[in-house]
Amino acid sequence: MSYLATTDYEVASIIEKERLRQQNGLELIASENLVSKAVLEAMGSVMTNKYAEGYPGKRYYGGCEFHDMAENLARDRLKELFGAEHANVQPHSGTQANMAIYFAVMGCGDPLMSMSLSQGGHLSHGSPVSFSGRLYQVTPYGVDLKTETIDYGVVEEIARKVRPKVIICGASAYPRTIDFSAFQEIAEQVDAICMADIAHIAGLCATGMHESPVGVVDYTTTTTHKTLRGPRGGAIMCDADNAPKVDKAVFPGMQGGPLMNTIAAKAVCFREALRPSFREYNRQIVKNSQAMAAVLADEGLRLISGGTDNHLILLDLTNLSLTGLEAEVALGKAHITVNKNTIPNESRSPFVTSGLRIGTPAVTTRGMKEEEMRRIGHFIATVLKDIHNEATIKKVGAEVHEMAKGFPLYPE
Ligand code: DSN
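So, here's what we can say about the structure. All chains use their own residue numbering, which begins from 1 and follows the written sequence. Reporting of local features is limited, given that this is a predicted model, to residues whose pLDDT is at least 70; pairs of side-chain atoms are given and counted only at 80 or more, and all residues count toward the totals for whole chains, interfaces and linings. Processing note: side-chain calculations cover all non-hydrogen atoms of the structure and skip hydrogens and water entirely.

**Concerning helix 4 (residues 65-82)**
Then, in step 1: Where helices and strands are cited, they refer to DSSP runs of H or I of at least four residues and of E of at least two residues respectively, numbered from the N terminus. The length a helix should cover is 1.5 Å for every residue beyond the first. With 18 residues, helix 4 should cover 26 Å at 1.5 Å per step; its first-to-last C-alpha distance of 26 Å lies within 8% of that length.
Then, in step 2: Only protein chains enter the calculation, and the probe is 1.4 Å; a residue is then buried if its accessible area is under 20% of its type maximum, exposed if over 50%, and partly exposed in between. Those residues of helix 4 lying buried are His67, Asp68, Ala70, Glu71, Ala74, Arg75, Arg77, Leu78, Leu81 and Phe82.
Then, in step 3: Two residues qualify as a contact provided that any one of their heavy atoms is within 4.5 Å of a heavy atom in the partner residue. The secondary structure elements touched by the buried residues of helix 4 are strand 2 (54-55), strand 3 (58-59), strand 4 (86-88), helix 9 (202-206), strand 10 (234-238) and helix 11 (260-274).
Then, in step 4: Gly83 sits one or two positions beyond helix 4 and adopts a positive phi of about 65 degrees.

This is the structure:
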């Protein structure tokens, strides 16, 4: 029995139920992953006990010598991983990292250009329901409705018209390669600052599976918990010249004490990501995504843009007369966790949607390869094509359980 179970059985049993949910099912949420035991240990360590407002060598509290060491390690490892001149590892999340860049380079009401949320962007890129949509004057760009990919000519046209202060590239639901160099060129033509949010594809960028924007665009933000496979949090990279304003925007501009246990865990994650096995892992994420995409297409499902170059697949369920919500619920009953998602030209609300987003980072961490992806593709198609048949869902659920057993979360 764990120590927690002896002191707080209620919380311990909730955590155990969640562990079993993760163990017995297939996690296909594109933005999630399963961290190593080393990352978990750093997260649950005594580093959480300390206030360390400020930065290494310049803190507002005594007793920070080991926190300085941890934060310096995290910064140095992240810089090494991406070849960055400067790194800030304090943002509590990807949204905080984005907020810090906005605060560093824009004033309220300044024009901002970004991919619209309904076509693959992110809430914090200027959605009207986010602080970013309320503080800045946002002009969205989307995808070409025929190819369902970004049309850089159109992005340039909008940029010339709007003359934004900042152009954001990066997405939460875009299955294709993003041309960061093209975005930087467009930004330069209109004297805008270019910011890449690589939250979803950071692991792919760090390992050469996707072009890295670091050293190409002005600012790069990321989360650390998606394809990077670290603790839940954010980070920023930029040139040395821009470091002072970024650091000031994070602290004291926007956050108080950094989460030092998370920063220690980020250091652990970045070291793991520097190993050759992490490159292999990211290569497998993409191979898995493409193997699953091929099966889903063979089954007659419609893939937005016709396929995938990265860790995620976006399905349009319109030809099955299904909503994303119905699909998410039915697959959940079969222990397959996915999320409903808007698609280009969406006609439904974000709570219902016509699409489904599927990602392979977490199942790849469990050691699954193309063969398992093909089976999972068939599981998904079977449920979606017979969605009102509880017996079908139950049968697929039992097969999922059986398959999951063969890939333990923490085999050690
Ligand atoms: N909520 C995350 C995602 O699922 O893409 C982004 O922050």
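**Remarks on the nonpolar core**
Then, in step 1: As used in this record, nonpolar core signifies buried Ala, Val, Leu, Ile, Met, Phe, Trp, Tyr and Cys residues forming a set joined through side-chain atoms within 4.5 Å. Judged by nonpolar contacts, the single largest core of 57 residues is most densely connected at Leu78, Phe82, Ile167, Phe180 and Phe183.
Then, in step 2: In terms of residue count, the dominant contributor to this core is helix 11 (eight residues).
Then, in step 3: Leave out the neighbours within four places in its chain, and Phe183 touches Tyr141, Ile150, Tyr152, Val155, Ile167, Ile168, Cys169, Ile178 and Cys194.
Then, in step 4: Counting residues in each nonpolar core, the second largest holds 35 residues, with Ala291, Leu303, Met373 and Met403 among its members.

**Remarks on helix 11**
Then, in step 1: Here helix 11 is 15 residues long and its end C-alpha atoms lie 21 Å apart, about the 21 Å a rise of 1.5 Å per residue gives.
Then, in step 2: Summarising burial for helix 11: 12 of the 15 residues are buried, a large majority.
Then, in step 3: Among the residues of helix 11, Met260, Asn261, Thr262, Ile263, Ala264, Ala265, Lys266, Ala267, Cys269, Phe270, Glu272 and Ala273 are the ones counted as buried.
Then, in step 4: Next to the buried residues of helix 11 lie helix 3 (37-43), strand 3, helix 4, strand 10 and helix 12 (276-298).

**Things to note about the pairing of strand 10**
Then, in step 1: Counting buried residues along strand 10, five of its five residues qualify, which places the element largely inside the surrounding structure.
Then, in step 2: Here strand 10 shows no split at all, with Gly234, Ile236 and Cys238 on one side and Ala235 and Met237 on the other all buried.
Then, in step 3: Two strands qualify as a pair provided that DSSP identifies no fewer than 2 bridges between them. Direction of pairing for strand 4 relative to strand 10: antiparallel, over a ladder of three bridges. Considered in strand 10, the bridge of Asn88 is made with Ile236.
Then, in step 4: Summarising the sheet, strand 9 (residues 219-223) and strand 10 pair through five bridges and their orientation is antiparallel. What sits directly across from Thr223, in strand 10, is Gly234.

**Topic: the sheet that holds strand 9**
Then, in step 1: Sheet architecture is open: seven strands sit in the order 4-10-9-8-7-5-6, paired in mixed fashion. At either margin of the open sheet sits one strand with a lone partner, and together these are strand 4 and strand 6 (137-141). Direction aside, the axes of adjacent strands within the sheet are offset by 20 degrees on average.
Then, in step 2: One ladder, built from four bridges, connects strand 7 (residues 166-169) with strand 8 (residues 193-197); its direction is parallel. The residue bridging Val166 from the neighbouring strand is Ile193, located in strand 8.
Then, in step 3: Axis angles are defined between N-to-C directions and span 0 to 180 degrees, where every axis is a line fitted to C-alpha atoms and, for a helix, only to the segment in contact. Sitting on the sheet, helix 5 (residues 94-105) touches strand 7, strand 8, strand 9 and strand 10, and the angle it makes with strand 9 is about 160 degrees.

**Some remarks on the site of the ligand**
Then, in step 1: Here, proximity means that at least one heavy atom of the residue falls within 4 Å of the molecule or strand. The full set of residues close to the ligand is Ser31, His122, Ser172, His200, Lys226 and Arg357.
Then, in step 2: A distance of 2.6 Å separates an oxygen atom of the ligand from a polar side-chain atom of His200.
Then, in step 3: For the accessible areas, the method is Shrake-Rupley and the probe is 1.4 Å, while residue cover comes only from the protein chains on display. Considered on its own, the ligand offers 230 Å² of accessible surface; in the complex 63% of this is hidden by protein.
Then, in step 4: Here the residues of the shell around the ligand sort into no nonpolar, four polar and two charged. What qualifies as a polar contact is a pair of N or O atoms within 3.5 Å, subject to a donor-acceptor requirement within protein and to the restriction that residues adjacent in sequence count only when both atoms come from side chains. Classes in brief: Ala, Val, Leu, Ile, Met, Phe, Trp, Tyr, Cys and Pro nonpolar; Asp, Glu, Lys and Arg charged; the others, Gly included, polar.

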